[in-house]
Amino acid sequence: MEFDTIFNAIIFLAAAVIAVPLFKVARLGAILGYLVAGVVIGPFGLEFIDQAEEVLHFAELGVVLLLFVIGLELNPEKLWQMRNLIAGLGAGQLAVTAVTVFGIVLLIFNQPTNIAVVIGLALALSSTAFAIQLMSERDLLGSGIGQRGFAILLMQDLAVIPILLTVQSMSQQQQDASHLTWWMAALSIIGVLIAGRYLLNPLLRLIARYGSSEIMTAATLLIVLGIALTMEEVGFSMGLGAFTAGILLANSSFRHQLEAEIEPFKGLLLGLFFISIGMNLNLPLLLEKPLLLIAAALCLIALKTAIIAALLKFSGALRKDSIRIALMLAQGGEFAFVIMTQALDLKIVDANIAAHVSLIVGLSMAFTAPILMLFELLPDKSSGSKKEYDSTSNIDEPEVIIAGFGRFGQIAGRILSANDIPFTALDKDAAHIEFVKRFGNKVFYGDAARLDLLRAAGIEHARLVLVAVNDPSDAEKIVTTINEHYPDVQLVVRARDRNSVLKLRALGADCIVRETFASGLSAARHVLTGIGYSNERAEYKVNVFKHHDQGLLDQQVAHSDDMDKLVEIAKEGRKELSQLFEKDKEL
């Protein structure tokens, strides 16, 4: 058994490592790579692994973690700023698509009403992971049209939980279950909300102060899975629990840290989820009815493209942009698999219908990227048109990241805030964060030397990072990490002394600010005026020293590895400065 477990893990990893890069190179997307990998290694392919349903049950944890991350991103401010797009485009797409599919299934395929409702709701959803990846590859997420597409996906993500609850309520078995009562469910939700409000943040602060990075990871998984299991025990889905946990922590100081801790598990388990979906796709059924199923998948893409493009065009977007985004959202979504699996477990649909719908969704995913690539080859007649602008395009995308939010970093933060420049501040002192937040500052817990945390904080959108940490070694680690992975991001770095300046300049910092130099010059200016110098004379003396010292430092940077040369430059510098002031006396 142990050997089988290790062997299966090797098969999964090998399939992902081989398939995903190939599909990404072909611009077909990682998700399609996972699906094909699952088909190849599954019971309908090479039969390396035959327990497809067991793997799917475990891999659904990836969807649970995805819902948690979605919850983390849905802070009230962001939702409020996007409310018109979400309520208009998002709700409109969901309603029109679900009703249209419902009518087709009910009238053309003569299915019962409850089955038509389930299929309509399932196929109205798109793949958030799939669509966002396609938009990211084309740098569309920050544009106005990209934000419209994101609003549609956001509404779909918000609708997942109500849809799952709707499907669950349609089961007679669930309605008759004596252990599930609405008052128990309500008490459980209230208990989770109270725990999130009064227990989660104090617990995380305690762990941040006395624990380690491994314990923080364990605590994150404990919170997500604990709340998810609690909700499942009272009859709701684990996804609802994870989503609720994310919402509760969306405005927490630990939000970015939690997202960074969860990301590796979410990515691996979500990949495993798509592989298991590929393993469960019924290839014999496809070979039995290839024309019907392929036509159904293409019709689904055409239907959703037409609906989404029409709504986007009505909102003021350009025609080709509307069709392009609509194609990215036209496939069936990963939650369709979850909905159909739940409907099958609750005996709302039979295995044959669930297999047909799942296969149609899988085929729609497979066809989306190639169809999009063909569409993008068409000439763009509107290329000379004026570009649209959407005020939501910069929501939650910082222009500046401040690493270290002590006295030094707070000065820059206050100036940025006063000028409405979005920034994200990171600090790894949990107690300090709570103190700073009392005064209305927005700062998050985390070590800015960690690449995953920088990504969670939005460095891909940032133009500049201010490294304001107190520890010189921490500053050097942060500069090294950012220069290695994001060399185009400007770096303004706090330095404690001249030695720090030499090290940071060698590591590639763009601008280095000595923390006491400017204040020392100011003090010297006051000293000179205090002993009788005029303001102009004092300013002149200070500026002479400032420019001389900066030139001396530039020379030392060029010879930072040669100690003898540094000593020689320092001696020559003192002699030169003395000569300058002696000449001054003659004037």
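Residues numbered from 1 in each chain as written. Predicted model: local features only at pLDDT ≥ 70, side-chain atom pairs only at ≥ 80, totals over all residues. Heavy atoms only, no water.

Novice: Which parts of the structure should I look at to understand the overall build of the protein chain?
Specialist: In terms of helices and strands, the protein chain carries 26 helices and six strands. Taken across its 587 residues, the protein chain has 48% of its residues classed as buried. Here the contacts in the protein chain between residues at least 6 apart in sequence split such that 74% fall between residues at least 24 apart. Accessible area of the protein chain: about 28,700 Å², with a carbon and sulfur share of 61%. (Helix = DSSP H or I, 4+ residues; strand = E, 2+ residues; numbered from the N terminus. Buried < 20%, exposed > 50% of the residue type's maximum accessible area, 1.4 Å probe, protein only. Contact = heavy atoms within 4.5 Å. Areas by Shrake-Rupley, 256 points an atom, 1.4 Å probe, with all protein chains shown as cover.)

Novice: So what exactly am I meant to see when it comes to the pairing of strand β4 (residues 464-467) here?
Specialist: Each regular strand displays side chains that alternate between the two surfaces of the sheet. As judged from the four bridges shared by strand β1 (residues 400-403) and β4, these two strands associate in the parallel manner. When the bridges of β4 are listed, I402 appears paired with L466. The pairing of β4 with strand β5 (residues 490-495) spans four bridges and is classified as parallel. Within β5, the position partnered with V467 by the bridge is V493. The β-α-β motif built from β4, the intervening helix α22 (residues 472-485) and the parallel element β5 has right-handed crossover chirality. (Pairing = 2+ DSSP bridges. Right-handed = clockwise from strand over helix to strand, strands pointing away.)

Novice: So what exactly am I meant to see when it comes to a nonpolar patch on the surface here?
Specialist: The grouping of F7, V36, V40, L46 and F48 at the surface amounts to a nonpolar patch, some 410 Å² of accessible area in total. Within the secondary structure, V36 sits in helix α2 (residues 30-41). The class for V36 is partly exposed, based on a relative accessible area of 31%. (Patch = residues over 30% accessible without salt bridge, like charges linked within 9 Å, V, L, I, M, F, W, Y side chains within 5 Å. Salt bridge = Lys/Arg side-chain N within 4 Å of Asp/Glu carboxyl O.)

Novice: Whenever I open this one, unusual backbone geometry confuses me. Can you help?
Specialist: Keep in mind that most residues, glycine aside, have a negative phi and that most peptide bonds are trans. With a phi close to 55°, N110 is a non-glycine residue in the positive phi region. Following the sequence through the fold, N110 ends up in the loop between α5 (83-107) and α6 (113-124). Within the chain, K347 stands out as a residue other than glycine whose phi angle is a positive 65°.

Novice: Explain empty space enclosed by the protein here, please?
Specialist: Over the atoms, a rolled probe matching the size of one water molecule traces out where space is still vacant. Scanning the model with the defined rule gives one cavity of 30 Å³ or more in all. The calculated volume of the largest cavity comes to roughly 60 Å³. Lining of the largest cavity is provided by V469, N470, D471, P472, A475, E476, R494, A495, R496, S500, L504 and E515. When contributions to the lining of the largest cavity are tallied by element, the ones reaching two or more residues are α22, β5 and α23 (498-507). Examining the composition of the lining of the largest cavity, we find that three residues originate from one element, α22, more than from any other. For the lining of the largest cavity, the residue count by class is five nonpolar, two polar and five charged. (1 Å grid on protein atoms, 1.4 Å probe; cavity = no way out; pocket = protein on both sides within 12 Å on 5 of 7 lines; lining within 4 Å. Points joined across faces, edges and corners; volume = space filled by probe spheres on them. Nonpolar A, V, L, I, M, F, W, Y, C, P; charged D, E, K, R; others polar.)

Novice: Please clarify how the sheet that holds strand β3 (residues 443-445) should be interpreted in this entry.
Specialist: In any sheet, the strands associate via hydrogen bonds between backbone groups, in a parallel or an antiparallel arrangement. Read from one edge of the open sheet, six strands run β3-β2-β1-β4-β5-β6, paired in parallel fashion. This sheet does not close on itself; its edge strands, each paired only once, are β3 and β6 (511-514). Sheet twist, expressed as the mean angle between neighbouring strand axes with direction ignored, is 20°. Relative to β3, strand β2 (residues 423-427) runs parallel, the two sharing three bridges. Across the sheet, L426 pairs through a bridge with F444, a residue of β3. (Axes fitted to C-alpha atoms, helices over the stretch in contact; angles between N-to-C directions.)

Novice: Would you explain helix α15 (residues 290-314) in this entry?
Specialist: In an α-helix, one full turn covers 3.6 residues, which means residues spaced three or four apart are oriented alike. For α15, spanning 25 residues, the distance from its first C-alpha to its last is 36 Å, which sits close to the expected 36 Å at 1.5 Å a residue. Among all positions of α15, only L293, A297, L300, I301, K304, T305, I307, I308, A309 and L312 are buried. Positive backbone phi, at 110°, marks G316, one or two positions downstream of α15. (Expected span 1.5 Å × (residues − 1).)

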